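Here are the chains, one letter per residue:
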Amino acid sequence: MRNLFAAALVTLTALPAFADETEGLVLAYDRQANVIVLTDFTVWEIPGALEVPADLAAGDRVHFVYETAGEDGMVSIDALHRLARALPEGTDGGS
């Protein structure tokens with residue numbers, strides 16, 4: 001019983017970071033500063049170790065996977081995926 005209580009206490013006190021995800025359209029990408037700005041004006045500072053598509057550009061749709069620590073904010077960005085490329089200029093994309 002005592003071991004069970006100790007295990008439960010350790011589990012509750014070691015609150016994990018929670019994985020979350022979002023997606024959006026790239027408004028701007030600054031390769032030197034490693035910053036992506038989405039069209040909703042959220043700014044994502046990309047860690048140097050994270051792989052970013054070499055030809056990522058404005059208009060591309062991206063998907064971020066990141067970890068948060070509740071009210072303490074974002075802990076890390078774990079993945080960045082391009083979901084779709086921007087349409088070439090002059091293309092309406094309709095059917």
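For the structure itself, look to the data block above.
Residues numbered from 1 in each chain as written. Predicted model: local features only at pLDDT ≥ 70, side-chain atom pairs only at ≥ 80, totals over all residues. Heavy atoms only, no water.

Overview of the environment of threonine 39
Relative to the assigned elements, threonine 39 resides in the loop between β2 (35-38) and β3 (43-45). Along the primary structure threonine 39 and glycine 24 are separated by 15 residues, whereas in three dimensions their C-alpha atoms are 7.1 Å apart. Each residue touching threonine 39, except ones within four places of it in the same chain, is listed here: Leu25, Val26 and Leu27. (Helix = DSSP H or I, 4+ residues; strand = E, 2+ residues; numbered from the N terminus. Contact = heavy atoms within 4.5 Å.)

Brief notes about the pairing of β2
Residue alternation in β2 divides its side chains into two sets, Val35 and Val37 and Ile36 and Leu38, and both sets are buried. The hairpin turn running from β2 into β3, its antiparallel successor, is four residues long, and phenylalanine 41 in that turn takes a positive phi close to 70 degrees. (Buried < 20%, exposed > 50% of the residue type's maximum accessible area, 1.4 Å probe, protein only. Pairing = 2+ DSSP bridges.)

Quick look at the packing of aromatic side chains
By the definition in use, this model includes two aromatic pairs. Arranged with centres 4.2 Å apart and planes meeting at 5 degrees, the rings of tryptophan 44 and phenylalanine 64 form a pair that is stacked. Taken together, the residues span a long stretch of sequence, with tryptophan 44 in strand β3 and phenylalanine 64 in strand β4 (residues 61-68) at a distance of 20 residues. When its relative accessible area of 7% is taken as the criterion, tryptophan 44 is described as buried. Judged by its relative accessible area of 0%, phenylalanine 64 falls in the buried class. An aromatic cluster of at least three residues, connected via ring pairs, comprises Trp44, Phe64 and Tyr66. (Phe/Tyr/Trp six-rings, centres within 6.5 Å; stacked < 30°, edge-to-face > 60°.)

Points about the nonpolar core
Of all hydrophobic cores here, the largest spans 14 residues; its most connected members are Ile36, Trp44, Ile46 and Phe64. Of all elements in the fold, only β1 (18-30), β2, β4 and β5 (74-84) reach the threshold of two or more residues within this core. Sort the elements by how many residues they give to this core and β4 lands first, with three residues. Not counting residues up to four positions away in its chain, the partners in contact with isoleucine 46 are Asn34, Ile36, Val52, Phe64 and Ile77. (Core = buried A, V, L, I, M, F, W, Y, C linked by side-chain atoms within 4.5 Å.)

Considering the side chain of aspartate 60
Here aspartate 60 lies in the loop between β3 and β4. In this structure aspartate 60 comes out as buried when scored by relative accessible area, which is 3%. Side-chain polar atoms of aspartate 60 contact the backbone nitrogen of alanine 57, separated by 3.0 Å. Of the polar contacts made by the side chain of aspartate 60, one reaches the backbone nitrogen of alanine 86; its length is 2.8 Å. (Polar contact = N/O pair within 3.5 Å; in protein donor to acceptor, adjacent residues only side chain to side chain.)

Quick look at the pattern of salt bridges
Under the counting rule described, the total for this entry stands at four salt bridges. Here arginine 85 makes a salt bridge to aspartate 55, at a shortest N to O gap of 2.6 Å. Taken together, the residues span a long stretch of sequence, with arginine 85 in the segment after β5 and aspartate 55 in the loop between β3 and β4 at a distance of 30 residues. One network of salt bridges, in which partners are shared, links Asp55, Asp60, Arg82 and Arg85. (Salt bridge = Lys/Arg side-chain N within 4 Å of Asp/Glu carboxyl O.)

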